[in-house]
Amino acid sequence: MTSLLDKPTTTTKDEGSARSLVDAVFRAREISIAGALALLILGTWISNPRFLDDQGVKDLLLNASILVLLAVGQSVVVITRNIDLSVGSVVGLSAFACGKFVAGTDHGVLTVMLLGIALGVLCGLVSGALVSFGGVPALVVTLGMLYIIQGLDYWWAQGDQIGAADVPDPILDLGSGSLLGIPYLPLIAVVLLAATAYYLRGYRSGRELYAIGSNPEAARLAGVPIRRRILGAYAFSGAVAGFAGALWLARFGTVVADNAHGWELTVVSAVVVGGVAITGGTGTVWGAALGALLLTTIGSALVVLKVDAFWQGAITGALLLAAISVDRIVTLRMTAALRKRSARHGNGA
């Protein structure tokens, strides 16, 4: 049987045309998000030119970096037709654990980053195992993990907090330093973003994630190891969330038990707004990153324009509903168009 993932080298003309149609639709979606982001930045800058001064741009990039990282990890899970609602709590646990680990010591940056990643991977593996091997719905598993991790974090912290004065300078320098005027955190986010995008499109196992999200049964018949791939997706999402928690410590210095509380819904919103279909199988991490940047920019713009912070949540919710509606409409129209193409191809055969 021909594998789904052999299609790039054995694709018929009709299949290639269908793939081109799908790719074109989602490229257009990402371009429209970039256009909306540009208009938002331009409008805010016209209202307040300080929005794009050196410090304003730096703050905008720093504020978006951690959300972009989380959106990348979440995208890999959503592409497989699953979801991870525990990422915000993993960030909080990782940030506090790393803070406790380095407080009053001279531990280096690499050690702290590895600790954060290890904690995240552990959480991701637990969720992934329950979803992939246990057959428990992802929504139930990750919602339960959210509360379990939060409870453990609160029990451990006991109201305590880690202050910036307790964190070694090299770690704080990572959060505040820059290279050629560009802060380290956005550079880290871009590197991870590019590497993940290359993996998803350039490696067989990455393309298999799309196959699982598009049609799990067909992927199974094609020999795709679905359980292992889903487990790997959750491990990656957890690793990114744990890494983001360590970067949270570097960025803010002061950490408490409820850091990133409520971020899980913001991350999902960024991913869906960015064009990654909640039903799986389509979208890119580039689009998810644009969605994260758009949501972060909206929050910054509202502050600059002195608009009530309530409207940030309202706008985010409206964008989420609009994105899901657009996904549904686009899916229906693409399905109809592909059926017509197939019918014409069959009649012409």
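Residues numbered from 1 in each chain as written. Predicted model: local features only at pLDDT ≥ 70, side-chain atom pairs only at ≥ 80, totals over all residues. Heavy atoms only, no water.

Enquirer: How would you sum up the overall build of the protein chain? Please name residues and give values.
Expert: Looking only at helices and strands, one finds 14 helices and 2 strands in the protein chain. Looking at the protein chain residue by residue over its 349 residues, the buried ones come to 46%. A total accessible area of about 16,700 Å² is found for the protein chain, and carbon and sulfur atoms account for 65% of it. (Helix = DSSP H or I, 4+ residues; strand = E, 2+ residues; numbered from the N terminus. Buried < 20%, exposed > 50% of the residue type's maximum accessible area, 1.4 Å probe, protein only. Areas by Shrake-Rupley, 256 points an atom, 1.4 Å probe, with all protein chains shown as cover.)

Enquirer: Which residues make up the nonpolar core, and what values go with them?
Expert: Core analysis: the largest hydrophobic core is formed by 80 residues, its most contacted members being Leu70 and Val112. Looking at which element gives the most residues to this core, the answer is helix H11 (residues 226–252), with 13 residues. (Core = buried A, V, L, I, M, F, W, Y, C linked by side-chain atoms within 4.5 Å.)

Enquirer: Which residues make up helix H6 (residues 138–157), and what values go with them?
Expert: In this model, H6 (20 residues) spans 28 Å end to end at C-alpha, consistent with the 28 Å of a helix rising 1.5 Å per residue. Three or more residues of H6 are buried, namely Ala138, Val141, Thr142, Met145, Leu146, Ile149, Gln150, Asp153 and Ala157. Buried positions in H6, seen along its axis, are confined to an arc of 160° and lie on one side of it. Those residues of H6 that are exposed and angled more than 90 degrees off the buried face are Val140, Tyr147 and Trp155. Packed against the buried residues of H6 are helix H4 (87–102), helix H5 (109–132), H11 and helix H12 (263–273). Two residues or fewer after H6 comes Gln158, characterised by a positive phi angle close to 50°. (Expected span 1.5 Å × (residues − 1). Arc of directions from axis to C-beta. Contact = heavy atoms within 4.5 Å.)

Enquirer: How would you summarise the side chain of Ser300 if you had to cite specific residues and measurements?
Expert: Relative to the elements of secondary structure, Ser300 occurs in helix H13 (residues 285–304). Note on Ser300: relative accessible area 16%, which makes it buried. Filtering out sequence-adjacent residues up to four positions away, Ser300 remains in contact with Phe51, Leu60 and Asn63.

Enquirer: For unusual backbone geometry, give the residues involved together with the corresponding values.
Expert: Backbone geometry places Arg81, a non-glycine residue, at a positive phi of 75°. Relative to the helices and strands, Arg81 resides in the loop between helix H3 (54–79) and H4. Positioned with a positive phi, Leu180 is a non-glycine residue whose angle comes to about 55°. Here Leu180 is to be found in the loop between strand S1 (178–179) and strand S2 (182–183).

Enquirer: Pulling in residues and values, what's your account of empty space enclosed by the protein?
Expert: Taken as a whole and judged by the stated rule, the model has 1 cavity of 30 Å³ or more. Estimated volume of the largest cavity: approximately 50 Å³. Within the residue set of the lining of the largest cavity, elements represented by two or more residues are H4 and H6. Each residue belonging to the lining of the largest cavity can be placed in one class, and the counts come to 3 nonpolar, 6 polar and 2 charged. (1 Å grid on protein atoms, 1.4 Å probe; cavity = no way out; pocket = protein on both sides within 12 Å on 5 of 7 lines; lining within 4 Å. Points joined across faces, edges and corners; volume = space filled by probe spheres on them. Nonpolar A, V, L, I, M, F, W, Y, C, P; charged D, E, K, R; others polar.)

Note that every value here comes from positions in space, so none of it alone points to a role or purpose.
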